[in-house]
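# Summary of the model geometry
Below, each chain spelled out in residue letters.
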Amino acid sequence: MINIPECSVVVITYNDAGRLARAVRSALRQSLRNIEVIIADDASTDGTGKVARELQRRDARVRYLRGEVNSGGCGVPRNRGVAAARAPYVMFLDSDDELTRHACKSMLLEIERTGADFVTGQIARLYEQTGKTARYYPALFTRRRTVEGIAREPEMFLDSFSTNKLYRAELLRRVPFREDMHYEDHVFSTALYCAARRFAVVPWVVYLWHRASAESDERLSISLCLTEMANVRSRIRAARLSDDILRDSGLGGLGGLSGLGGLGDLVHERQRRFIRQDLRVYLNPLPSRDPAWIEEFVSVIHPYLAELDPAVFETIDPLMRVCCSFILDGRPDELLVAARSLNGPKAPPRVAVREGGRTYWGTVADERREITSLRMAELPYSASRLRHEAVVTGEGPLIRLAITTYDPFGVLAATPGWTAFLRFRNHRVRLDPRPREGDGGYTSEATIDLAAIRHGRLGFEGRYDPVIEIVNPDGRVTSDRLLVDPCTASFGTTVLWHEVVVKAEGSAAFLRVLWRRQGLLRQLPRLKRAATRLLRKVGGPEVKLRVYKGLISVLPPRADLALFESDVGTGYTGNPRYIYEELRRRNTPLKVVWSVAEPQGNLPPEVTPVRRMSWRHIWTMARAGYWVDSHGMPLAYPKPPGTRYLQTWHGQGIKSVGFDAPDLRADFDGPRATWRAAVERWDALVSPSAEFERIFVPSNGYRGRLLRHGSPRCDVLVHGDREAAGRARAALEIPHWSRVLLYAPTYRDRAKGSGQSVRADLASMAEALSGDWTVVLRTHPVERFEVPEHLRHFVRHAGSYPEVNDLILLSDALLTDYSSLMCDYAVTGRPMLFLIDDWDEYRRVERGVYHDLPSIAPGPCLTTTEELIEALRDLEGMTAAFASRYIAFRRTWCADEKGHASARIVDAFFPPAHAQAPRPAGVRERAPARARQPSRLPLPGRPR
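Only a predicted model underlies this, so the values are computations on that prediction, with no experimental measurement involved.

Criteria and cut-off values
Residues numbered from 1 in each chain as written. Predicted model: local features only at pLDDT ≥ 70, side-chain atom pairs only at ≥ 80, totals over all residues. Heavy atoms only, no water. Helix = DSSP H or I, 4+ residues; strand = E, 2+ residues; numbered from the N terminus. Rg over C-alpha atoms; globule rule 2.2 N^0.38 Å. Buried < 20%, exposed > 50% of the residue type's maximum accessible area, 1.4 Å probe, protein only. Contact = heavy atoms within 4.5 Å. Areas by Shrake-Rupley, 256 points an atom, 1.4 Å probe, with all protein chains shown as cover. Lys, Arg positive; Asp, Glu negative; His and termini not counted. Charge placed at Lys NZ, Arg CZ, Asp CG, Glu CD. Pairing = 2+ DSSP bridges. Axes fitted to C-alpha atoms, helices over the stretch in contact; angles between N-to-C directions. Polar contact = N/O pair within 3.5 Å; in protein donor to acceptor, adjacent residues only side chain to side chain. Core = buried A, V, L, I, M, F, W, Y, C linked by side-chain atoms within 4.5 Å. Salt bridge = Lys/Arg side-chain N within 4 Å of Asp/Glu carboxyl O. Parallel < 35°, antiparallel > 145°, perpendicular 65-115°, else oblique. Nonpolar A, V, L, I, M, F, W, Y, C, P; charged D, E, K, R; others polar. Expected span 1.5 Å × (residues − 1).

### Observations regarding the overall build of the protein
Scanning the protein from terminus to terminus reveals 30 helices and 37 strands. The C-alpha radius of gyration computed for the protein amounts to 33 Å, which stays within 12% of the reference 30 Å derived for 944 residues, consistent with globular compactness. For the protein, the residues scored as buried account for 55% of the 944 residues in total. Sequence-distant contacts in the protein: of pairs separated by 6 or more residues, those separated by 24 or more amount to 71%. Accessible surface computed for the protein: about 41,100 Å², of which carbon and sulfur atoms make up 51%. Once the 135 positive and 115 negative side-chain charges of the protein are each reduced to a mean point, those two points are 7 Å apart.

Set out below in structure tokens:
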């Protein structure tokens with residue numbers, strides 16, 4: 001090699017002949033070609049040397065250094081590699097891992113751009129058993145940035161790896177690795193952070209950390225040898241040395257900067273890192289260790305934890321703090337119970353105590369064991385937490401369980417009349433729990449006959465976790481999995497052409513049942529899949545479309561048959577629902593079939609459902625005399641001659657639509673032509689406002705009839721419905737005293753299903769508002785978001801609640817961003833708030849808009865959760881401040897909402913024989929009840 005390389009990659013190895021080549025290839029394949037790869041072999045005794053020499057022979061960029069005596073650690077080979085490096089920049093790579101393709105180039109560009117002493121990037125753990133990856137501490141790498149010293153971001157102590165960084169070589173020669181210990185990375189990283197004036201952080205993955213399973217034949221890395229007590233002692237030694245480095249260092253003058261905290265605070269931050277990261281790796285699998293190991297572990301860890309300032313424990317995770325308290329008190333049995341709550345089912349304590357509005361693990365109010373922030377004691381009944389521990393034995397197909405149920409938060413005591421069941425998938429056995437003395441728990445026994453569990457004619461292949469269900473008198477259910485001893489030996493049996501295995505799953509150990517088909521039954525799914533493929537081929541989209549076109553060419557539509565659909569089959573809701581209910585009130589002799597993508601629980605019993613795009617759906621489309629939907633019947637299907645199609649659409653608002661929307665604004669003839677033909681099928685379009693007509697009609701190229709009577713779905717919002725609001729409050733388990741904030745963000749076109757639309761900091765809102773408010777979160781149907789358990793006392797996820805109007809009538813205010821729901825909500829006159837922190841991005845590069853929301857919004861446009869909290873605290877003042885804007889907004893979007901849109905649209909679209917059928921004698925139409933309408937403003941022209 002003549003030219004000086006731009007980057008040296010030091011690959012350390014020892015007795016790793018099987019994986020060395022993979023690691024070196026990941027370096028040689030870097031997009032930065034001008035590199036050198038230095039293999040630093042720590043005196044391997046297997047074929048590692050042979051592999052290294054062959055790699056060196058094949059590529060001149062490879063250099064091979066071999067030590068004469070194994071050092072027993074990683075410090076010696078890394079220092080040897082640094083000493084031999086010719087490049088100004090260095091990266092490290094372990095021989096069992098890989099670099100991502102652009103790691104060297106991307107970080108070299110970053111270090112030169114920023115002038116940093118080193119650049120650190122994201123690590124992804126690659127689990128070899130499954131092939132899946134998971135980012136390591138992703139919160140540290142969410143944004144690209146330059147950090148002026150560790151005192152600015154002490155959280156970066158969690159990033160203690162040496163392998164995910166690119167360094168200036170001269171810095172490494174000033175900060176060598178310790179050569180007399182394991183976990184030298186931890187000590188090195190602390191010294192590095194002290195020495196660095198500036199470091200850069202990049203959010204992309206630069207390093208793949210291969211994680212072999214414990215059962216793998218591959219040699220486990222030092223960091224995975226967690227059963228050895230010497231491993232624990234090595235980590236503690238590294239922690240103490242790191243603390244000493246921080247105490248002895250002046251941090252280049254940064255330690256005492258005003259507002260950053262002193263050196264002592266940085267020592268505390270490094271010690272918190274030990275608890276959060278180092279201690280946690282031993283506590284996660286601790287439930288599976290034997291009692292002697294746990295007792296020794298407590299004795300080894302205790303002295304170091306006892307040295308720490310109590311302030312170190314104040315800001316760590318509550319359950320980790322509980323575990324630390326049991327280590328400090330020398331209580332290994334209690335530590336075992338608590339450690340089982342860290343992972344898996346994250347079970348609650350066996351016993352808890354509440355004093356002064358605070359919750360504590362155990363029987364006494366010890367501040368070290370406060371778990372109030374987990375909010376386990378404040379959850380609604382269906383989300384409440386019980387702890388079920390079971391002793392499991394098996395004999396043939398019979399499984400016997402001795403179950404102990406703990407009720408730490410008094411849920412069962414406060415719910416007289418409850419019943420308990422043990423559920424094995426679709427098999428349910430009633431339990432007879434008996435109270436225990438002293439701890440408020442219950443004991444019960446159950447025997448499950450696996451032969452009695454039915455899985456259908458084709459059997460079942462898969463797994464499930466049995467649960468205990470507690471049903472209260474009103475039918476609500478709370479359930480939790482069964483904890484079992486992690487050392488429980490798995491057992492199996494053969495039942496009805498199945499092999500069944502019952503086992504303890506995971507280090508926290510809950511009960512799991514695995515089923516595997518056997519014999520001829522094992523072949524049936526293959527035959528079914530083959531038959532399904534054949535049916536799909538015979539009955540695929542092209543075939544169905546041809547059959548459909550043939551049907552409509554020979555069969556006239558039925559004048560008494562109507563096909564209804566809402567939001568591409570996602571529910572019985574929206575404008576089609578209220579039009580149907582108006583037809584039903586009139587006792588219209590139409591037979592209505594409802595198109596659904598999935599089974600719907602709220603369909604009226606008299607409505608016939610049909611699965612969307614099934615053969616029956618194709619037949620119904622061809623035969624129906626009326627189509628009514630709110631989005632679009634299958635696009636490629638022409639309307640039958642004689643069928644009348646009412647398009648109700650599903651909202652109005654500021655977002656771009658039709659040919660202006662992202663999926664159609666590109667100049668591609670296919671999608672645009674398909675949508676143009678789909679719009680041509682419409683015979684009438686519901687137009688809720690003049691503004692909708694101004695925007696929507698030209699944006700979609702519509703040239704047909706307009707029904708200017710308002711939105712049918714808004715009729716109930718005009719009139720109100722106390723029963724609907726009460727129904728929603730009961731279903732979502734919202735206390736009667738709580739005010740309700742409906743949070744309805746829309747999706748982001750470039751991040752559908754990511755959860756990014758939920759931009760409010762729900763944790764901060766809970767901290768500030770949970771005493772007065774409950775948030776009902778209504779995400780868009782294409783979004784995916786799971787509410788964390790510690791927020792479920794404050795947030796009710798209502799994404800699957802069948803009718804959004806119930807939620808509107810329940811709520812006291814709306815929080816949204818760009819959702820069309822704002823226009824419906826304005827009918828109520830209730831306060832609205834807009835969290836639009838990404839406004840510039842949304843209007844310019846995301847969806848695009850027709851209106852400048854900040855200038856027309858009928859409520860404050862906010863960019864932070866703090867602003868939102870303040871606005872909710874002064875809701876009356878905010879409402880008064882935006883009263884004139886609210887009136888103007890309603891004049892724009894709601895002027896036609898008079899409360900009888902459904903009736904007028906039925907009169908206008910359906911012929912008299914269907915629209916005005918006589919009611920049976922003696923039947924009177926019930927006027928809807930008027931619900932409470934807080935902070936309601938009058939519609940323009942409507943008397944107060």
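### Overview of the pairing of strand S36 (residues 832-835)
Where burial is concerned, the two faces of S36 agree: the one with Met 832 and Phe 834 and the one with Leu 833 and Leu 835 are both buried. Sheet topology note: the S36/strand S37 (residues 861-862) ladder contains two bridges and is parallel. Within the sheet, the bridge partner assigned to Leu 835 lies in S37 and is Leu 862.

### A word on the sheet that holds strand S30 (residues 684-686)
Taken in spatial order, the seven strands of this open sheet run S27-S26-S25-S28-S29-S30-S31, and their pairing is parallel. Only two strands of the sheet have a single neighbouring strand rather than two, namely strand S27 (608-611) and strand S31 (705-707). Within this sheet the neighbouring strands show an average axis-to-axis angle of 25°, counted without direction. Sheet topology note: the strand S26 (residues 591-596)/S27 ladder contains four bridges and is parallel. Paired with Trp 594 across the bridge in S27 is Pro 609. The strands that helix H14 (residues 574-585) touches are strand S25 (558-565), S26, strand S28 (624-629) and strand S29 (644-647); relative to S25, the one it contacts most, it runs at about 145°.

### Comments concerning the side chain of Ser 656
In this fold, Ser 656 is placed in the loop between S29 and helix H16 (662-665). For Ser 656, a relative accessible area of 4% puts it in the buried group. In terms of polar contacts, Ser 656 uses its side chain to reach the backbone carbonyl oxygen of Asp 660, at 3.5 Å.

### Side note on the nonpolar core
Residues Ile 275, Leu 279, Phe 297, Leu 305, Leu 401 and Phe 424 are the most contacted members of the largest nonpolar core, which totals 78 residues. The element contributing the most residues to this core is helix H9 (residues 291-307), with eight residues. Among all residues touching Phe 297, those that are not within four sequence positions of it are Met 229, Val 232, Leu 279, Tyr 282, Leu 283, Leu 286 and Ile 327. Membership of the second largest hydrophobic core comes to 72 residues, among which are Ala 622, Val 827, Phe 889 and Cys 894.

### A look at the pattern of salt bridges
Under the counting rule described, the total for this entry stands at 75 salt bridges. In this structure, Glu 469 and Arg 423 form a salt bridge, with 2.7 Å as the shortest nitrogen-oxygen distance. Of this pair, Glu 469 sits in strand S20 (residues 467-471) while Arg 423 sits in strand S15 (residues 419-424), placing them 46 residues apart in sequence. Judged by its relative accessible area of 10%, Glu 469 falls in the buried class. The partner of Asp 749 in a salt bridge is Arg 847, with the nearest N and O atoms 3.4 Å apart. Remark: Arg 847 occurs in the loop between helix H24 (839-846) and helix H25 (853-856) and Asp 749 occurs in the loop between strand S32 (739-744) and helix H21 (762-769); sequence separation between them is 98 residues.

### Thoughts on the packing of H14 against helix H29 (residues 901-909)
Where H14 contacts H29, the two axes come as close as 9 Å, and the packing angle between them is 75°. In terms of axis orientation, H14 runs roughly perpendicular to H29. Note on element contacts: H29 touches H14 through Ser 902, Ala 903, Ile 905 and Val 906, opposite Tyr 578, Ile 579, Glu 582 and Leu 583. Residue classes in the contact of H14 with H29 are distributed as six nonpolar, one polar and one charged.

### With respect to unusual backbone geometry
The phi angle at Ala 43 is positive, at roughly 65°, despite the residue not being glycine. Here Ala 43 lies in the loop between strand S2 (35-41) and helix H2 (48-58).

### Here's the deal with the environment of Asp 567
Tracing the chain through its elements places Asp 567 in the loop between S25 and H14. Sequence separation between Asp 567 and Ser 595 is 28 residues; the distance between their C-alpha atoms is 10.0 Å.

### Comments concerning the environment of Thr 746
Within the secondary structure, Thr 746 is located in the loop between S32 and H21. The exposure class of Thr 746 is buried, given its relative accessible area of 2%. Each C-alpha atom of the pair Thr 746 and Ser 819 lies 5.0 Å from the other, and the pair is 73 residues apart in sequence. Within polar-contact distance, the side chain of Thr 746 engages the side chain of Lys 655 at 3.0 Å.

### Comments concerning helix H4 (residues 103-114)
Relative to the 16 Å expected for twelve residues at 1.5 Å per residue, H4 spans 16 Å between its end C-alpha atoms, a close match to the ideal helical length. Of the positions making up H4, those classed as buried are Ala 103, Cys 104, Ser 106, Met 107, Leu 108, Glu 110, Ile 111 and Thr 114. Positive phi shows up at Gly 115, right after H4, with a value of about 70°.

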